[in-house]
Amino acid sequence: MHETIEQEETATVDELWSSVISRVCGYIPPLWDLGNYVAVNPFLGFADRTVSEAARFVTDGLGTTTLPSVAFYRKQWETGAFDEAALNEAAQRLDVEPSPLKKILTTGVVPTRPASVVLTFAERIDREQGTHWSDALIRSITRWCAVYTSGGGSWKFPSGQGLFSSWREAESVDRTLEIAGLKGLRRWVRQLPDSADVATEQILNRLNLPADERELYLYRLLGGVFGWAAFFKRSSWEMGRSDGGQLADLLAIRVCADAAVAEVATRNRLRRSLPPAPAIEDEATRCVFQEALEDGYASRLLRAINPPPTDQTVARPTVQSVFCIDVRSEPFRRHLEAQSDTIQTKGFAGFFGVSLDWQTDGEHSARCPVLLKPSLRLCSSRDGGPSFGMDSVKYLQTAPAASFSFVETLGAAYGIGLASDALAAMPARASREGTDPFTLDGQPEGMGIDEESRVNLASGILTNLGLRTGFSRLILFCGHEGHSTNNPHAAGLDCGACGGHGGSINARIAAALLNEPAVREGVRVKGINIPADVWFIAGVHDTSVDQVSIHDADKIPASHTADVDRLQEWLNMAGEATRAERATALGLPATATNLKPLLKRRSRDWSEVRPEWGLARNAAFIAARRLRTRGVNLAGRTFLHDYDCATDPDNSVLTLILTAPMIVASWINLQYFGSTVDNDVFGSGDKALHNRVGTIGVVLGNGGDLRTGLPKQSVHAADGTWFHEPLRLQVVVEAPTKKIDQVVNAQVGVRNLIDNGWVRLFALDPESMQSFRRNPSGMWEIC
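Caption draft 1: Just helix 13 (residues 214–223), in detail. Along helix 13, 9 of the 10 residues are buried, which leaves the element largely enclosed by surrounding structure. For helix 13, the set of buried residues is R214, E215, L216, Y217, L218, Y219, R220, L221 and L222.

Caption draft 2: Seen up close, the nonpolar core. Counting 175 residues, the largest nonpolar core has L218, W228, L250 and F621 as the members making the most contacts within it. At 14 residues, helix 15 (residues 246–265) tops the list of elements feeding residues into this core. Those residues in contact with L218, other than ones at most four positions away along the chain, are W17, V20, I21, V24, L204, L251 and V255. Residues F352, I449, I509 and V534 belong to the second largest nonpolar core, which totals 35 residues.

Caption draft 3: Up close: the pattern of salt bridges. Summed over the entire model, instances satisfying the criterion amount to 46 salt bridges. In this structure, E433 and R367 form a salt bridge, with 2.6 Å as the shortest nitrogen-oxygen distance. Highlighted residues: E433 in the loop between helix 20 (412–423) and helix 21 (451–465) and R367 in strand 6 (residues 363–367), separated in sequence by 66 residues. With respect to burial, E433 and R367 carry one shared label: buried. Residue E734 pairs with R628 through a salt bridge whose shortest N-O separation is 2.9 Å. A residue pair is termed long-range when its members are at least 10 positions apart, and E734 in strand 15 (residues 729–734) and R628 in the loop between strand 11 (620–624) and strand 12 (638–642) qualify at 106 residues. With respect to class, E734 is no different from R628; both count as buried. The structure contains a network of salt bridges with shared partners spanning R93, E291, E294, D295, R728, R760, R773 and E781.

Caption draft 4: Spatial organisation of the sheet that holds strand 6. The mixed open sheet is built from 3 strands, whose spatial order is 6-5-7. One side of each edge strand has no neighbouring strand; the edge strands of this open sheet are strand 6 and strand 7 (376–379). Here the strands of the sheet are splayed against their neighbours by 25 degrees on average, with no regard to which way each runs. Note: strand 5 (residues 356–360) against strand 7, 4 bridges, orientation parallel. Residue pairing in the sheet places W358 in a bridge with L378 of strand 7. Together, strand 5, strand 6 and strand 7 form the strand contacts of helix 22 (residues 504–515), whose direction differs from that of strand 5 by roughly 110 degrees.

Caption draft 5: The packing of aromatic side chains, seen in detail. Enumeration according to the criterion identifies 24 aromatic pairs in this entry. Taking 5.6 Å as the distance between ring centres and 80 degrees as the angle between the ring planes, the aromatic pair formed by W228 and F231 counts as edge-to-face. In this pair, W228 and F231 both sit in helix 14 (residues 226–239), 3 residues apart, roughly one turn of the helix. Each member of the pair, W228 together with F231, is buried. With a centroid separation of 3.8 Å and 10 degrees between ring planes, the pair formed by W613 and F723 is classed as stacked. Of the two residues, W613 is situated in the loop between helix 25 (595–604) and strand 11 and F723 in the loop between helix 29 (712–715) and strand 15; the sequence distance between them amounts to 110 residues. Here W613 matches F723 in class, with each residue buried. One aromatic cluster in this structure is built from Y27, F46, F57 and Y219. Its end group placed over the ring of F57, R49 keeps NZ or CZ at 4.7 Å from the ring centre. In this arrangement the basic side chain of R617 is found over the ring face of F723, its NZ or CZ atom lying 5.9 Å from the centre.

Caption draft 6: Molecular detail of the packing of helix 5 (residues 84–93) against helix 6 (residues 99–107). Their axes nearest at 9 Å, the elements helix 5 and helix 6 cross at an angle of 135 degrees. Of the possible angle classes, the one that applies to helix 5 and helix 6 is oblique. As helix 5 runs across helix 6, the sense of the crossing is right-handed. Of the residues in helix 6, those in contact with E84, L87 and A91 of helix 5 are L101, K102 and L105. Class assignment of the residues belonging to the contact of helix 5 with helix 6 gives a composition of 4 nonpolar, no polar and 2 charged.

Caption draft 7: Local environment of the environment of I461. By secondary structure assignment, the location of I461 is in helix 21. With a relative accessible area of 1%, I461 lands in the buried category. A sequence separation of 108 residues divides I461 from G353, and the C-alpha atoms of the two residues are 5.7 Å apart. Among all residues touching I461, those that are not within four sequence positions of it are F348, F352, G353, V354, F477, A510 and L513.

Caption draft 8: Spatial organisation of the environment of L356. You can see L356 is positioned in strand 5. Look at L356 and you get buried, because its relative accessible area is 0%. Sequence separation between L356 and N506 is 150 residues, and the spatial gap between their C-alpha atoms is 7.6 Å. Non-local contacts of L356, meaning those with residues more than four positions away in its chain, are made with S365, A366, R367, C368, P374, L376, L378, I505, N506 and I509.

Caption draft 9: Seen up close, unusual backbone geometry. Positioned with a positive phi, D552 is a non-glycine residue whose angle comes to about 55 degrees. Mapped onto the secondary structure, D552 falls in the loop between strand 10 (547–551) and helix 24 (561–583). Phi angles above zero are rare outside glycine, and A635 is one such case at about 60 degrees. Here A635 is to be found in the loop between strand 11 and strand 12. Judged by its relative accessible area of 48%, A635 is partly exposed.

How each quantity is defined
Residues numbered from 1 in each chain as written. Predicted model: local features only at pLDDT ≥ 70, side-chain atom pairs only at ≥ 80, totals over all residues. Heavy atoms only, no water. Buried < 20%, exposed > 50% of the residue type's maximum accessible area, 1.4 Å probe, protein only. Helix = DSSP H or I, 4+ residues; strand = E, 2+ residues; numbered from the N terminus. Core = buried A, V, L, I, M, F, W, Y, C linked by side-chain atoms within 4.5 Å. Contact = heavy atoms within 4.5 Å. Salt bridge = Lys/Arg side-chain N within 4 Å of Asp/Glu carboxyl O. Pairing = 2+ DSSP bridges. Axes fitted to C-alpha atoms, helices over the stretch in contact; angles between N-to-C directions. Phe/Tyr/Trp six-rings, centres within 6.5 Å; stacked < 30°, edge-to-face > 60°. Lys NZ or Arg CZ within 6 Å of the ring centre and 35° of its normal. Parallel < 35°, antiparallel > 145°, perpendicular 65-115°, else oblique. Left-handed = near helix turned anticlockwise from the far one by under 90°. Nonpolar A, V, L, I, M, F, W, Y, C, P; charged D, E, K, R; others polar.

Structure representation (structure tokens):
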């Protein structure tokens, strides 16, 4: 950071600050609203730095931790999660002397470094004078963000007025902070320039910050409103803007408000030095322990993988079931395959290649990974927009200013609904997407898929799935969704590959597409011959109760009725076994005969904080032939993506896997990592204290910053211990190392993630049990 600043001293002041602001805005990850909530890597903006470098910067900037403490690693060492050999290998790989590391683990004497925290001016004043200006500013600004995003309620903003200019106008008449003691603030604010950029530059120049503190100071300002910063980052991230957009406006507000306290409250009589901050556990040392811990896990994982099949002749399967790569699918797939040797399951991203803009109830939603843009538009053919009377209810649920009075306004009618849920007196409210009618031709105008696009889409689905030959009579596309009541983060239990929604509609569209005679003829011309007796069906895996339901049963031909009935019986048996496997983690007896109704009750109980564990304990991503993992108990910790390098001569499929599903999996993995290690900063705190800010997000209690990550109950057990084990994603690809290198070296973003240590990459030899690890220098070493 210091070298970068020194190089910039020759630039103009305007260019210098613009560059620094752009970099700082780049450190903030995007945040999606509750209805489209998806996991996001909280360290996304640091992918071009090593984990150790980023950890140090984030710690100094936000006063948080990005790695577990040495005490955590000592406990893992004592329980045998990693041994001395793993510790020595990790130290060698990271170029650290191993002998002191063992002493740290055995004695508990922790190496530290001096903290380099750069405080805001409000924080300095608070420490000097015992005031609470920092908290007051954050409460004021976050409250204004909620007002602004709701459109101002009864106060309508002038057309085109941005976040900064609207704040400046409001703050110039608002007496709240003046009443709290900041006399003269309104007059001070009126003197600010109208432009956020100009105001930021002028104020920063007045603050006269040392060159080596500029980035950390601005990053700390955004860190105080991390949730709203992430929310405003989303729009610029989706548009690929580098100027920060609304996030730069928010930063301007933070800069001006902080300067106001420094200049109005203290009249510029602020001491420049403060007592040193407490020492911090050295990040580089903890990175070695993290590497060793993950070596222990990866070693066990690689040993469990099956040897390559010696006989390539495979009888025609009775059924093929395509599941999302979500870790919750792994136990279900394993138990389903255990019902018959003739069952074959496959793993594929849960949107099934159908990148969809879906319209229902008059609203649009993107049903694809957030890394992609929808390429198709379809709507429910019975969609007539919101029903009469729903607009007022929707406003009460979604408007930030109105949501706190939602239950009070609806009164007894809403109370009856809560009581019914609590007593399980009413049928569960199921998703409509399993029955919503649609047509691929599309209605109204501008929607639908033309015939050429249908053929190309179908061909892409089958090619990327590796399903060009060996079709079974019955093929199931199985999406997934979760169910929970009174849960603002319910979308986080749905399919991340479907943009935080259930995967029903994507599965139904994929099946309908591949059943069309014209599409089959089109893909036959492209070299994929689907036998005439093959029929595709759609279903959905309810991960809260581990039940798979078949959709569009009325469209299944009589010739396949018996096949579907048999499959449903197998699915029911697999669900029963999966429920028993995960019952203990939920505090239920695995031998209970009524697990299904118990889990259904949990999912409908509005006071239940853990309807399921979601993707907790995720740790690995395997792209390989299913035979390499079939029958292996991976404990619901692994994303499983089918991949056969022999059918991918041009690396197109592997490129797709590493640039899309693997990236999404890494976002999920690092969100769980951050939410576990420091839930106060990267998580969302105690779920029981959540209040919704409309559809935007949640706050703790009656105000403050938006919370970005997972609730404590999603990663911590009831006794406060960590349920999720913070491991980086261990990515295992069954392919020659040269083939993997060709993809990694051609994709800068993927290479940064791997070589900087945000994920760890392994190659599995397709012809043996030999495996290799890619080290930080880009070279491969034998595991």
